[in-house]
Amino acid sequence: MTVPLADPGAARPPVPGFLFVRHGESTDNAGKIRSGGDADPLLTETGMRQAREVARRLEQGLPGRIGGLALIASPLCRTRETARIIAVELGLDPEGTEVWEDFRERRLGEWNGLPVDEASQRLIRSGATPPGGETVEVFRARVMKAARRAALLAREDRHPLVVSSRGVGWILGWPDMPNATVFTWQPPP
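Residues numbered from 1 in each chain as written. Predicted model: local features only at pLDDT ≥ 70, side-chain atom pairs only at ≥ 80, totals over all residues. Heavy atoms only, no water.

Trainee: I would appreciate a short explanation of the confidence of the model for the protein chain in the present structure.
Mentor: Should pLDDT be low for a region, the predicted coordinates there are not to be read in detail. Across the protein chain, pLDDT averages 89, with 90% of residues at or above 70. Considering only residues more than four positions removed or in separate chains, one finds that residues 1–14, a stretch of pLDDT under 50, has 43 contacts. (pLDDT = per-residue confidence, 0-100. Contact = heavy atoms within 4.5 Å.)

So this is what it looks like as structure tokens:
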């Protein structure tokens, strides 16, 4: 069950479960260009500012519990940089962020570089598999495997904070999350 947060920084992560953050704005996001898990654009200045703002919201919403956050990011530059900024802003060791391949965005093959509107409307929403890309079923299976694994890390003194991409958020139940959005995810019963 996904629980969207009206004020993401004001809630405590569930146990079991984890907090999820979509990375800050990337250069492809700014250009309205589709980039999957096999494309690796960098954060923009706006994206870096968004990551700092997420850190402030988390700090306000988790007083005294920041030291218990266990940062996990996908291997993509945009997610790792967002996680690094959050860690630095919260006084955590950025080198302590775990990188999990299974939280990588869906591989879009030949759909990378298309305008977002074209890719979203004509291709992705049709359920088709991109040439050279990944099926929705394979993507969903690996993300849910990682989500269950991350949820198992949650306990009273350790709270996973996963930083990944929009498509991963979609699989977890948030269909259209803006950059630097935070929500909580709990495993289904």
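Trainee: Explain the pattern of salt bridges to me, please; I cannot follow it from the model alone.
Mentor: Note on pairing: side chains with opposite charge can pair once their charged atoms come close. Counting across every chain of the model gives nine salt bridges. We note a salt bridge from D102 to K145, for which the minimum N-O separation is 3.5 Å. A residue pair is termed long-range when its members are at least 10 positions apart, and D102 in the loop between β4 (98–99) and α4 (116–123) and K145 in helix α5 (residues 136–153) qualify at 43 residues. Here R166 ties to D176 by a salt bridge, and the two come within 2.0 Å at their closest N and O atoms. Of the two residues, R166 sits in helix α6 (residues 166–172) while D176 sits in the loop between α6 and β6 (182–185), which places them 10 residues apart along the sequence. Take D176: its relative accessible area is 47%, and that puts it in the partly exposed class. (Salt bridge = Lys/Arg side-chain N within 4 Å of Asp/Glu carboxyl O. Helix = DSSP H or I, 4+ residues; strand = E, 2+ residues; numbered from the N terminus. Buried < 20%, exposed > 50% of the residue type's maximum accessible area, 1.4 Å probe, protein only.)

Trainee: It is not clear to me how the nonpolar core should be interpreted in this structure. Could you clarify?
Mentor: Generally speaking, a soluble globular protein has its nonpolar side chains buried in company with each other. Grouped together as the largest cluster of nonpolar side chains are 20 residues, with contacts concentrated most on F18, F20, F103, L172 and W185. The biggest single contributor to this core is α5, with seven residues. Residues in contact with F103, not counting those within four places in the same chain, are F18, I72, S74, R142, V143, A146, A147, A150, V162, S164 and V168. (Core = buried A, V, L, I, M, F, W, Y, C linked by side-chain atoms within 4.5 Å.)

Trainee: Hey, could you run me through the layout of surface pockets in this one?
Mentor: Once rolled over the atoms, a probe with the size of a water molecule shows which space is left empty. Put simply, the second largest pocket is a space of about 170 Å³. L42, L43, C77, R80, E81, R84, P94, E95, T97 and V99 are the residues that line the second largest pocket. If one sorts the elements of the lining of the second largest pocket by residue count, helix α3 (residues 77–90) sits on top with four residues. For the lining of the second largest pocket, the class distribution of residues is five nonpolar, one polar and four charged. (1 Å grid on protein atoms, 1.4 Å probe; cavity = no way out; pocket = protein on both sides within 12 Å on 5 of 7 lines; lining within 4 Å. Points joined across faces, edges and corners; volume = space filled by probe spheres on them. Nonpolar A, V, L, I, M, F, W, Y, C, P; charged D, E, K, R; others polar.)

Trainee: I would appreciate a short explanation of the packing of aromatic side chains in the present structure.
Mentor: Each aromatic ring pair is characterised by the separation of its centres together with the angle its planes make. Considering all chains together, one arrives at five aromatic pairs under this definition. Ring centres 5.2 Å apart and planes at 40° place the aromatic pair F20 and F183 in the tilted group. In this pair, F20 is assigned in strand β2 (residues 18–22) and F183 in strand β6, connecting sequence segments 163 residues apart. With respect to burial, F20 and F183 carry one shared label: buried. Between the aromatic rings of W100 and F103, the centroid separation amounts to 5.7 Å while the plane-to-plane angle is 10°, which identifies the pairing as stacked. Each residue in the set F18, W100, F103 and W185 is aromatic and connected to the rest through ring pairs, giving one cluster. Positioned above the aromatic ring of W100 is the side chain of R149, whose terminal nitrogen or guanidinium carbon lies 3.8 Å from the ring centre. (Phe/Tyr/Trp six-rings, centres within 6.5 Å; stacked < 30°, edge-to-face > 60°. Lys NZ or Arg CZ within 6 Å of the ring centre and 35° of its normal.)

Trainee: Where do I start with the side chain of T44 in this structure?
Mentor: Relative to the helices and strands, T44 resides in the loop between α1 (27–30) and α2 (45–61). For T44, the side chain forms a polar contact with the main-chain nitrogen of G47, separated by 3.0 Å. Those residues within four positions of T44 in sequence are excluded, and the remaining contacts are E25, S26, T27 and A30. (Polar contact = N/O pair within 3.5 Å; in protein donor to acceptor, adjacent residues only side chain to side chain.)

Trainee: Please clarify how the pairing of strand β3 (residues 69–73) should be interpreted in this entry.
Mentor: Within a regular beta strand, the side chains point alternately toward one face of the sheet and then the other, so they alternate between its two faces. For β3, a buried count of five out of five residues is recorded, marking the element as mostly surrounded by other parts of the structure. Here β3 shows two buried faces, one formed by L69, L71 and A73 and the other by A70 and I72. Here β3 pairs with strand β5 (residues 159–164) via five bridges, running parallel. Within β5, the position partnered with A70 by the bridge is P160. Examined bridge by bridge, β3 and β4 share two bridges and lie parallel to one another. (Pairing = 2+ DSSP bridges.)

Trainee: So what exactly am I meant to see when it comes to α2 here?
Mentor: An α-helix turns once every 3.6 residues. As a result, residues three or four positions apart point the same way. Taking 1.5 Å of rise per residue, the 17 residues of α2 would be expected to cover 24 Å, and the 25 Å separating its terminal C-alpha atoms lies within 8% of that figure. Where α2 begins, one side-chain oxygen reaches toward the backbone nitrogen of T46, 3.3 Å away; that side chain belongs to T44. (Expected span 1.5 Å × (residues − 1).)

Trainee: Explain the pairing of β2 to me, please; I cannot follow it from the model alone.
Mentor: Among the five residues of β2, five are classified as buried, and the element is accordingly described as predominantly covered. What you see with β2 is no split at all: F18, F20 and R22 on one side and L19 and V21 on the other are buried throughout. Strand direction decides the pairing type here: β2 and β6, joined by four bridges, are antiparallel. In the strand pairing of β6, F18 is matched with W185. Summarising the sheet, β2 and β5 pair through four bridges and their orientation is parallel. Among the inter-strand pairings, R22 is bridged to a residue of β5, identified as S164.

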